[in-house]
Amino acid sequence: MVVDIVIIGAGPAGASAGIFAGRAGKKTVLLDNDRSGTSKAWVGNHYGVLGVTGFDLYETGKLQAQKCGAQLVTAEAIAIEPTDTGFCVVTEEEVYEAPYVLIASGPGRELAEQAGVELKSSEGRSYIKVDAEGRTNVPGIWAAGLCTGVSMHVAVTAGDGARVAIHMLSEMNGKPYVDHDMMC
């Protein structure tokens, strides 16, 4: 299947990126291995959330990404392979071709490393190395959230996914991407 963007990981960073990509009209596949740590999180410190569990937030984020146009697929990415036009993201069931890949795989970095993405070390841990916008050293592969070393707080990873998606969409469109809803 050929799409514009494959997002690996449907936790807060990935689903948030999926919301922006879907709203931008990009054909987006959001891969969910159904093992997000957010499903076990207590999110009482998340802005605007009162009485919601991490599981509820995780499920709602995926539903919102779908409502905005992203296709949610429950599958684990097992490889990212370069092609002439971008990448093939391989799962056990399907292969997705896209010029852009966003890795938002929580603590998982093995897939990125296999694809030639540089890692960095900090305090005895390794993370995906990204620039200020979320680009990796491999053109077309971006990363957001916990896998890049940002704080594991849900509000932070969700915001990071949105931030990186906006930069990626700006690059794709050749101009700054803006998405605002107004109630007036």
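Note: the structure precedes this text.
Every chain begins its residue count from 1, and numbering advances along the sequence as written. Residue-level local features of this predicted model are given only where pLDDT is at least 70; pairs of side-chain atoms are given and counted only at 80 or more, and the full residue set underlies all totals for whole chains, interfaces and linings. Side-chain metrics rest on all non-hydrogen atoms present in the structure, leaving aside hydrogens and water.

A. Local environment of the overall build of the protein. The secondary structure content of the protein amounts to four helices and ten strands. Under the DSSP-based scheme used, a helix requires at least four consecutive residues in state H or I and a strand at least two consecutive residues in state E, with every element numbered from the N terminus. Sequence-ordered secondary structure for the protein, helices as α and strands as β, is β-α-β-α-β-β-β-β-β-α-β-β-β-α. Residue-level accessible areas treat just the shown protein chains as cover; the underlying method is Shrake-Rupley with a 1.4 Å probe. For the protein, the exposed surface amounts to about 9,700 Å²; the carbon and sulfur share of it is 53%.

B. Region of the structure containing helix α1 (residues 12-23). Here the expected span of a helix is defined as 1.5 Å times the quantity of residues minus one. Its twelve residues give α1 an end-to-end C-alpha distance of 16 Å, which sits within 8% of 16 Å, the value for a rise of 1.5 Å per residue. The buried label goes to any residue with under 20% of its type's maximum accessible area, the exposed label to any with over 50%, and the partly exposed label to all in between, with areas taken from a 1.4 Å probe on protein chains only. Within α1, eleven of the twelve residues are buried, which leaves the element mostly enclosed by the surrounding structure. Of all the positions in α1, only P12, A13, G14, A15, S16, A17, G18, I19, F20, A21 and G22 are classed as buried.

C. Region of the structure containing the pairing of strand β4 (residues 79-83). Summarising the sheet, β4 and strand β5 (residues 86-90) pair through five bridges and their orientation is antiparallel. Opposite A79, over in β5, you have V90 as the bridge partner. Two strands are said to pair when DSSP picks up at least two bridges between them. With antiparallel pairing between neighbouring strands as the criterion, β4 and β5 make up a hairpin whose turn holds two residues.

D. Representation of the pairing of strand β9 (residues 125-128) in the model. As paired elements, strand β8 (residues 119-122) and β9 share four bridges and run antiparallel to each other. In the strand pairing of β9, S122 is matched with R125.

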